[in-house]
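One-letter residues, chain by chain:
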Amino acid sequence: LHPGCREIFAIDGSPLALFRHQEEAIALAAAGNSYVVTTGTGSGKSLCFFIPIVSAILAEKDKSAERRTRAVVVYPMNALANSQMEELTKFLGDESAHRPVSFARYTGQDDTAERRAIAENPPDILLTNFMMLELLMTRQDELDRRVIGNCAGLRFLVLDELHTYRGRQGADVALLVRRVRERLA
């Protein structure tokens, strides 16, 4: 992991003690592999993807100051995206100007000013829902086109709560993932 992760993922100055499933997920991510994490509620699934994402972003920022979105995290509901905003704030800080890794939520809850800010200053991590990601891929609105354009060369695509995508919705999300991979390389 990037050395900055030691400070970011700490509680009261002490690095987090990781569970085995978190260590295994981090190792898979470091090797460039895709993976699925299945474990109980409250067992730290989010850290299985946020730690490798933050580490990779810090490493990329050491090499280039280019502003772009490197990770998109897709949630089935806005409430989960909102909850993860709070979790990321806990580790990355309250003041967006001083965060080592930036993040933003882009859902139907955001007003035009917030959407414009995301288009003009792409966050490293974009939190959204599958329907908004679909709209970002298909809308002709200039702001949406800029937001998705800032994701070119996307490094991480995370589907949180994967088990919720079943039946027709599951098929729709599977097709969306294919289109995202093709368009954003």
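Details of the structure are given in the entry above.
Everything numeric in this text was worked out from a predicted model, so none of it was measured. (Residues numbered from 1 in each chain as written. Predicted model: local features only at pLDDT ≥ 70, side-chain atom pairs only at ≥ 80, totals over all residues. Heavy atoms only, no water.)

Draft legend 1. Representation of the sheet that holds strand S6 (residues 156–159) in the model. Pairing is parallel in the open sheet, where four strands are placed in the order S4-S5-S3-S6. Looking at which strands have only one partner, the edges of the open sheet turn out to be strand S4 (103–105) and S6. On average, each strand axis in the sheet is inclined to that of its neighbour by 15°, with strand direction left out of account. The sheet contact formed by strand S3 (residues 71–75) and S6 spans four bridges and is parallel. Its bridge partner lying in S6, Val 72 is registered against Leu 157. (Pairing = 2+ DSSP bridges. Helix = DSSP H or I, 4+ residues; strand = E, 2+ residues; numbered from the N terminus. Axes fitted to C-alpha atoms, helices over the stretch in contact; angles between N-to-C directions.)

Draft legend 2. Quick look at the layout of surface pockets. Here the largest pocket defines a volume of roughly 1100 Å³. Considering the residues around the largest pocket, the lining is formed by 33 residues, among which Ser 34, Tyr 35, Leu 157, Val 158 and Leu 159 are closest to the centre. For the lining of the largest pocket, the elements supplying multiple residues, two or more each, are helix H3 (45–63), S6 and helix H8 (167–184). The biggest single contributor to the lining of the largest pocket is H8, with seven residues. Per-class residue counts for the lining of the largest pocket are 21 nonpolar, seven polar and five charged. (1 Å grid on protein atoms, 1.4 Å probe; cavity = no way out; pocket = protein on both sides within 12 Å on 5 of 7 lines; lining within 4 Å. Points joined across faces, edges and corners; volume = space filled by probe spheres on them. Nonpolar A, V, L, I, M, F, W, Y, C, P; charged D, E, K, R; others polar.)

Draft legend 3. Region of the structure containing helix H5 (residues 112–120). Along H5, the positions that sit buried rather than exposed are Arg 115, Ile 118 and Ala 119. Around the axis of H5, the buried residues are gathered within 100° of arc, so they sit on the same side. On its buried side, H5 packs onto S4, strand S5 (125–129) and helix H7 (142–149). (Buried < 20%, exposed > 50% of the residue type's maximum accessible area, 1.4 Å probe, protein only. Arc of directions from axis to C-beta. Contact = heavy atoms within 4.5 Å.)

Draft legend 4. Layout of unusual backbone geometry. A positive phi angle is found at Asp 12, which is not glycine, with a value near 55°. Judged by its relative accessible area of 79%, Asp 12 falls in the exposed class. In this structure, Glu 161 is a non-glycine residue whose phi angle is positive, near 60°. Tracing the chain through its elements places Glu 161 in the loop between S6 and H8. Its relative accessible area of 25% is what places Glu 161 among the partly exposed residues.

Draft legend 5. Inspection of the pairing of S3 at higher detail. Burial runs high along S3: five of the five residues are buried. Residues Ala 71, Val 73 and Tyr 75 line one face of S3 and the alternating positions Val 72 and Val 74 line the opposite face, and both faces are buried. In this structure, S3 lies alongside S5, joined through five bridges in parallel fashion. Paired with Val 73 across the two strands is Leu 127, which belongs to S5.

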